[in-house]
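Given next are the chains, with one letter for each unit.
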2 protein chains.
Amino acid sequence: MTISAVFMRRLAEIAAAETLPRFRDAGAVANKLAEGFDPVTEADRETEQAIRRAIRSEFPEDGILGEEHGLENPASVRRWVIDPIDGTRSFISGIPLWGTLVGLTVNGDAVAGLMAQPFTREIFYTEDGQSFYEGPGHQGSGGRQRLSTRRTPDLAAATLCTTTPAYFKGPSAEAYARLEQKVRLARYGTDCYAYAMVAAGHVDLVVETGLQPYDIVALIPIIEMAGGVVTAWDGGPAEKGGAIIAAATPELHGAASAILQG
Amino acid sequence: MTISAVFMRRLAEIAAAETLPRFRDAGAVANKLAEGFDPVTEADRETEQAIRRAIRSEFPEDGILGEEHGLENPASVRRWVIDPIDGTRSFISGIPLWGTLVGLTVNGDAVAGLMAQPFTREIFYTEDGQSFYEGPGHQGSGGRQRLSTRRTPDLAAATLCTTTPAYFKGPSAEAYARLEQKVRLARYGTDCYAYAMVAAGHVDLVVETGLQPYDIVALIPIIEMAGGVVTAWDGGPAEKGGAIIAAATPELHGAASAILQG
């Protein structure tokens, strides 16, 4: 079974109702800090609870794993994986590159995903084996636009994104630096937004390390169903997180993997 | 005389009509590249020409300096300074942190400014000695929200932005690294959007080098009229570009300057 666009849109709306009022809310930040609370943690928790309620109501037997509230129904072969606010550093800096991530795995394989950015009013999601965009500027039929990665021919023409090169340590730092030297353009600080831009055909590679499953599960099918490839650096499945390569094409994925593996 | 909000909004609309249709237009990029044209350069040129026409029509005797088309009316004490698309690397990567910058100097001092991000439908601008925001989530009266920087007490609590640390070379790189070690959070890749976030109270410091006048003139009054300070690293005027510190408060500006000057 597929997850419908209707349900994906509902999850995005539910998340936006929790995240948006807390984004750029300087008063709330100051008050909460004075009271000893962390407003981002509160937004994370409330958003995840709201998403869990929606999933439980529609799919009561499914497993749910989230950043803030752990795992429920652990025996289910279907498992939803939630990051209520991916990119909290962007969130607290007023920069709209954070997103709400909701993915679905079946027996550990990511099969459906949603990335929602409510400030820009954008959603990127899968349905029936394809990836779609809804937001400003979309011109597709049915109120949405089908996503496809771009066919950048080689690394010398590629745009690469990563959160910050400082996350790579030791041999990983050397491997990342080798790759960055080969590409046309490297961009930092893009969080989950960079993966959405791979699916949409504006970025060619995202390379990161130290990811949790909830940082990546939702994004895997969005990129794969747009024509891209997402794996661990060693070529294994990306669903467990860790060191990740997301690429617009199999050829770029192969070229980047070869360089990262030295 | 001040520049009215009405005129600032008109400039933003004129720019958006040129930039937005070319943002994320993968078809146009591919076609133009095949024909040997650079779509970003085209967007830059057309946007700047449109802004020049609007300024010329309203203020025919004023000087105008732009990134793409040089200086007109060079003898005027009033000079408009235009960067049609600041953050072209974000623009070509689909990331909505670029902006159109239009500033006004009188005898070399920046006295009015506009930063417009049309994809997020945000404008940041000055009027009558104050800075304002119009866009999603604003709750001010009169359809706009007054901007003010936040009162972050010290560097240890500050958020710092820069385009990329790779732009700093030699002693500048060491100076920047010293500063980054002192702050709570550093963010990269934020382009002109970071300066808008200083004015809006979500970011505390922007430190950059190698800026042109058109990269910074529009942003100086937006930050200053919101309570911040913008200078060159040596404390001189920022209007000529070069190495720049933008700070939310005079105290943060002093602390950052001391560290950068070693």
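Source: prediction; values computed, not measured.

### Remarks on the overall build of chain A
(1) Moving on: A tally of regular secondary structure across chain A gives nine helices and 13 strands.
(2) Moving on: In summary, chain A has a C-alpha radius of gyration of 18 Å against a globular reference of 18 Å for 262 residues, a match within 12%.
(3) Moving on: A sequence separation of at least 24 residues applies to 60% of the contacts in chain A between residues at least 6 apart.
(4) Moving on: Of the roughly 10,100 Å² of accessible surface on chain A, 51% is carried by carbon and sulfur atoms.
(5) Moving on: For chain A, the separation between the mean place of its 23 positive charges and that of its 33 negative charges on side chains is 3 Å.

### Remarks on the relation of the copies chain A and chain B
(1) Moving on: Relative to chain B, chain A is turned by 180 degrees and slid 0.0 Å along the rotation axis, the superposed coordinates differing by an RMSD of 0.0 Å. Those values place the two copies in the arrangement expected of a two-fold rotation axis.
(2) Moving on: Residue by residue, 100% of the interface of chain A is reproduced at the interface of chain B, so both copies engage with the same surface.

### Comments concerning the sheet that holds strand β9 (residues 159-162) of chain A
All names here are of chain A.
(1) Moving on: The strand order across the open sheet built from five strands is β10-β9-β11-β13-β12, with neighbouring strands paired in mixed fashion. The open sheet terminates on both sides in strands that have one partner only, identified here as β10 (185-188) and β12 (229-232). The sheet shows a mean angle of 20 degrees between the axes of neighbouring strands, direction not considered.
(2) Moving on: Pairing between β12 and strand β13 (residues 242-247): four bridges, direction antiparallel. Pairing of T231 across the sheet is with I245, part of β13.
(3) Moving on: Where helix α9 (residues 250-260) meets the sheet, its contacts fall on β11 (205-211), β12 and β13, and the angle it forms with β13 comes to roughly 145 degrees.

### Comments concerning the domain arrangement of chain A
Residue and element names in this part refer to chain A.
(1) Moving on: When cut into domains, chain A gives domain 1 (5-146) and domain 2 (155-260).
(2) Moving on: Computed from C-alpha coordinates alone, the two centres of domain 1 and domain 2 are separated by 21 Å.
(3) Moving on: Between domain 1 and domain 2, the contact holds 34 residues from the first and 21 residues from the second.
(4) Moving on: Taken together, both faces of the contact between domain 1 and domain 2 bury some 2,100 Å²; the carbon and sulfur share is 68%.
(5) Moving on: For domain 1, the biggest contributors to the area lost against domain 2 are L97, A110 and F124; these three give 25% of the whole.
(6) Moving on: Between the two partners, domain 1 and domain 2, sit zero salt bridges.

What counts and what doesn't
Residues numbered from 1 in each chain as written. Chains lettered and ligands numbered in written order. Predicted model: local features only at pLDDT ≥ 70, side-chain atom pairs only at ≥ 80, totals over all residues. Heavy atoms only, no water. Helix = DSSP H or I, 4+ residues; strand = E, 2+ residues; numbered from the N terminus. Rg over C-alpha atoms; globule rule 2.2 N^0.38 Å. Contact = heavy atoms within 4.5 Å. Areas by Shrake-Rupley, 256 points an atom, 1.4 Å probe, with all protein chains shown as cover. Lys, Arg positive; Asp, Glu negative; His and termini not counted. Charge placed at Lys NZ, Arg CZ, Asp CG, Glu CD. Least-squares fit on C-alpha atoms with pLDDT ≥ 70 in both. Pairing = 2+ DSSP bridges. Axes fitted to C-alpha atoms, helices over the stretch in contact; angles between N-to-C directions. Domains from an automatic or database assignment. Buried area = accessible area lost by both parts, 1.4 Å probe. Salt bridge = Lys/Arg side-chain N within 4 Å of Asp/Glu carboxyl O.

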